[in-house]
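Given next are the chains, with one letter for each unit.
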Amino acid sequence: MKILAIETSCDETSVSVLQDKKILSNIISSQLFHSEWGGVVPEIASREHIKNISIVCEEAIKTSGISKDEIELVCATSTPGLIGALLVGYSFAKSFALAKNIPFVPVNHIQAHLYSVFIENDFRFPFLGLIVSGGHTLLIQVDDFFKHKILGTTLDDAAGEAFDKGAKILGLGYPGGPIIDKLAKRGNKNFHSFPISKTESEFDFSFSGVKTSLLNYWNKQNKNSEQESVIKDVAASYQETISEMLFRKTIKAAEKFDIKTIGISGGVSANSRLREKFNSLSKSGYNILFPSLQYTIDNAAMIGFTGYLKFMNSENKNYFSTESFKEKPLARIEIKNF
Amino acid sequence: MNIKISNSEQETISLGTEFASQINLGEVIGFSGNLGSGKTHFIKGICEYFKVVDSVNSPTFLIVNEYSAVKDNFFFEVYHFDLYRIKNHNEIVNLGLDNYFKNNAVVLIEWIENADNLIIPDKLIKFSYGVNENERLIEFL
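Keep in mind that this is a model prediction, so the values were computed, not measured.

(A) Up close: the sheet that holds strand S5 (residues 104–108) of chain A. Residue and element names in this part refer to chain A. Spatially, the five strands line up as an open sheet ordered S3-S2-S1-S4-S5, and their pairing is mixed. A strand with exactly one partner marks an edge of an open sheet, and here the two such strands are strand S3 (22–28) and S5. The sheet shows a mean angle of 20 degrees between the axes of neighbouring strands, taken without regard to direction. Where strand S4 (residues 73–79) and S5 come together, five bridges link them in parallel fashion. Bridge pairing links threonine 79 to asparagine 108 in S5. Sheet strands in contact with helix H3 (residues 46–64) are strand S1 (2–7), strand S2 (14–19) and S3, and its direction is about 150 degrees off that of S3.

Following this line, the structure appears as structure tokens:
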């Protein structure tokens, strides 16, 4: 089955073409326009997607080596995201499916991150999914295909946001995550101990405390010369705290529910310290799954992959030729219906 | 001008709940102030007052969170914006804010200072650091 998938939930316009679970192309606007626009951070605006979508789509189809007439299934991100941004990709995808009279699968962006760990790995159930990105921090138990339970979420800042704002406080620039990661490699992670936040519900996360603690600490190191000499150690300590919080709660859930497979996805899953911590569990009989870097950021390949799984695991495939066209995109995650 | 002092995240949340009774439907409330100065916690307090059950967290990356709210048995939406990542006028204009400014919604905008005066809030709240580590000054303008 040949699939066209569209993702426009936040900043990136992305289009992918798949043959069943195999990814034939995966084009992301900021990479496509990299040379043209000097690799700047993408514009934040729904209307940017309108400018990008046809170009990105054409490129994805060209790269895939198939013709657009061969497409048999269309998938698009339906939730969560900036509503104006979602609407662009959603309407584009729906129109494409309608014009060609082929099924349309709305895909939850969070579920797509969740299943992205299986793009290059065999399926294993049950598993625990930790989704960590600029906008999301979620711990999810998955018993089987599309049998999910959200165990915890962030109460304030997302993990990626904590990295980003931490970098901002330290005056390190953007994107904060990769800069801190790189700097931390040369730093002492035990240099300063930042507080590990406690939450009422045992699997929720909270990162605003560590951010504020960094701010207070850094403001006290007010002499530039002092800051200069310790910045890599502070970055390493800050990174250690955030990754430890993510690691600790995930392990606690894995032990409590006796789950041996853990999949970590989303942009922050690229963090090398986080990978190191989780990979160390392989020795204790855990299967640790990460997507490769191209599937960690927002991308359409994971949308197509998840849409295909959703279609194949559905008992009522007819739904996707009729009812699915009536579904509306939604800005927020519906935790109850997840 | 009215300034309140908070000494903890919990106090900031309570001040938000207290303030929320003064919000009218259809209003746009702006929040300014640096990282970690208490804007999101204050908004958590406002949302508590409006009985929001969705988790209220920072929309820095997503730009806006939408919550279902209720007051006096009247159901409405709260739009929680964060303009932290906004870099220029163009982005403000292209956000499509007109979709959100409605008579039957409450709009809360963090980092309103990044809107370059393109958005005039009905009420403005300024956050700043106090002398002590956890002290925050909350100024109602």
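(B) Structural context of helix H4 (residues 83–100) of chain A. All names here are of chain A. Spanning 18 residues, H4 covers 25 Å between terminal C-alpha atoms, matching the ideal 26 Å at 1.5 Å per step. Listed as buried for H4 are Ile83, Gly84, Ala85, Leu86, Val88, Gly89, Tyr90, Ala93, Phe96 and Ala97. At the exit of H4 stands asparagine 101, carrying a positive phi of roughly 55 degrees.

(C) Region of the structure containing the environment of Tyr308(A). All names here are of chain A. The topology assignment puts tyrosine 308 in helix H11 (residues 300–312). Residue tyrosine 308 is classed as buried on the basis of its relative accessible area, which comes to 10%. Separated by 305 residues in the primary sequence, tyrosine 308 and isoleucine 3 place their C-alpha atoms 7.8 Å from one another. Among residues more than four places away in sequence, those in contact with tyrosine 308 are Met1, Ile3, Asp20, Lys21, Leu73 and Cys75.

(D) Quick peek at the packing of aromatic side chains. Counted by the stated rule, this structure contains 30 aromatic pairs over all chains. An angle of 35 degrees between the planes, with centres 6.3 Å apart, marks the rings of Phe31(B) and Phe127(B) as tilted. Residue Phe31(B) is located in strand S2 (residues 28–32), and its partner Phe127(B) is located in strand S6 (residues 123–129); the two are separated by 96 residues in the primary sequence. For the pair Tyr79(B) and Tyr100(B), a centre-to-centre distance of 4.9 Å together with 85 degrees between the ring planes defines the contact as edge-to-face. Linking Tyr79(B) in strand S4 (residues 74–82) with Tyr100(B) in the loop between helix H3 (89–94) and strand S5 (105–110), this pair joins segments that are 21 residues apart in sequence. The pair Tyr79(B) / Tyr100(B) is uniform in exposure class, with both members buried. A network of ring pairs unites the aromatic residues Tyr115(A), Phe118(A), Phe123(A), Phe125(A), Phe127(A), Phe145(A), Phe146(A) and Phe305(A) as a single cluster.

(E) Spatial organisation of the nonpolar core. Counting residues in hydrophobic clusters, the biggest one holds 69 residues, and the most contacted among them are Phe207(A), Leu246(A), Ile262(A), Ile264(A), Phe278(A), Phe81(B) and Leu83(B). Ranked by the residues each element gives to this core, the list is headed by helix H9 (residues 224–256) of chain A, at twelve residues. Looking at this core, you find at least three residues from each of domain 1 (2–114 + 296–333) and domain 2 (123–290) of chain A. Not counting the four nearest positions on each side in its chain, Leu246(A) is found in contact with Leu130(A), Val132(A), Thr137(A), Ala159(A), Phe205(A), Phe207(A), Leu274(A) and Phe278(A). The next biggest cluster of nonpolar side chains, apart from the first, holds 33 residues, and it includes Ile23(A), Leu114(A), Leu138(A) and Ile150(A).

(F) Fine view of the sheet that holds strand S1 (residues 2–6) of chain B. All names here are of chain B. Judged by pairing direction, the sheet is mixed, and its seven strands sit side by side in the order S1-S7-S6-S2-S5-S4-S3 without closing on themselves. Where the open sheet ends on each side, the last strands, each with one partner, are S1 and strand S3 (64–71). Each adjacent strand pair in this sheet contributes to an overall mean axis angle of 20 degrees, direction not counted.

(G) Local environment of the interface of chain A and chain B. With 35 residues of chain A in contact, the opposing surface of chain B contributes 37 residues. Carbon and sulfur atoms supply 52% of the area buried between chain A and chain B, which totals about 3,000 Å² over both sides. Three residues, Ile44(A), Arg47(A) and Arg332(A), lead the burial of chain A against chain B; their summed loss comes to 22% of the area buried on that side. In this assembly, chain A and chain B are joined by four salt bridges. Where Glu77(B) meets Arg332(A), a salt bridge forms, and the shortest distance between an N and an O atom there is 2.9 Å. Elements supplying a minimum of two residues to the side of chain A that touches chain B: H3, helix H6 (159–169) and helix H8 (208–220) of chain A. Ranked by residue count, the leading element in the side of chain A that touches chain B is H8(A), at seven residues.

(H) Up close: the environment of Arg47(A). With respect to the helices, strands and loops of the structure, Arg47(A) is situated in helix H3. By relative accessible area, which is 38% here, Arg47(A) ends up partly exposed. Each C-alpha atom, one on Arg47(A) and one on Gly84(A), is 7.8 Å from the other, the two residues being 37 residues apart in sequence. Not counting residues within four places of it along the chain, the set of residues in contact with Arg47(A) comprises Val93(B), Asn94(B), Gly96(B) and Asp98(B).

(I) Looking closely at the pairing of strand S9 (residues 261–265) of chain A. Residues and elements named next belong to chain A. Of all five residues in S9, five are buried, a share of seventy percent or more. Alternating positions in S9 separate into two faces, Thr261, Gly263 and Ser265 on one and Ile262 and Ile264 on the other, with burial throughout. In this structure, strand S6 (residues 127–132) lies alongside S9, joined through four bridges in parallel fashion. From the neighbouring strand, leucine 130 faces S9, where its bridge partner is isoleucine 264. Judged from the three bridges that link them, S9 and strand S10 (residues 287–289) form a sheet pairing that is parallel.

(J) Looking closely at the domain arrangement of chain A. All names here are of chain A. Assigned domains within chain A: domain 1 (2–114 + 296–333) and domain 2 (123–290). Domain 1 and domain 2 are separated by 28 Å when their C-alpha centres are compared. Contacts between the two partners involve 15 residues from domain 1, matched on the other side by 18 residues from domain 2. Linking domain 1 to domain 2 there are zero salt bridges. At the boundary of domain 1 with domain 2, the tally comes to two residue pairs in polar contact (both at pLDDT 80 or more). Contributions of two or more residues to the side of domain 1 that touches domain 2 are made by helix H5 (109–115) and H11. Broken down by element, the side of domain 1 that touches domain 2 gets its largest block of residues, five residues, from H5.

Rules used throughout
- Residues numbered from 1 in each chain as written.
- Chains lettered and ligands numbered in written order.
- Predicted model: local features only at pLDDT ≥ 70, side-chain atom pairs only at ≥ 80, totals over all residues.
- Heavy atoms only, no water.
- Pairing = 2+ DSSP bridges.
- Helix = DSSP H or I, 4+ residues; strand = E, 2+ residues; numbered from the N terminus.
- Axes fitted to C-alpha atoms, helices over the stretch in contact; angles between N-to-C directions.
- Contact = heavy atoms within 4.5 Å.
- Expected span 1.5 Å × (residues − 1).
- Buried < 20%, exposed > 50% of the residue type's maximum accessible area, 1.4 Å probe, protein only.
- Phe/Tyr/Trp six-rings, centres within 6.5 Å; stacked < 30°, edge-to-face > 60°.
- Core = buried A, V, L, I, M, F, W, Y, C linked by side-chain atoms within 4.5 Å.
- Domains from an automatic or database assignment.
- Buried area = accessible area lost by both parts, 1.4 Å probe.
- Salt bridge = Lys/Arg side-chain N within 4 Å of Asp/Glu carboxyl O.
- Polar contact = N/O pair within 3.5 Å; in protein donor to acceptor, adjacent residues only side chain to side chain.

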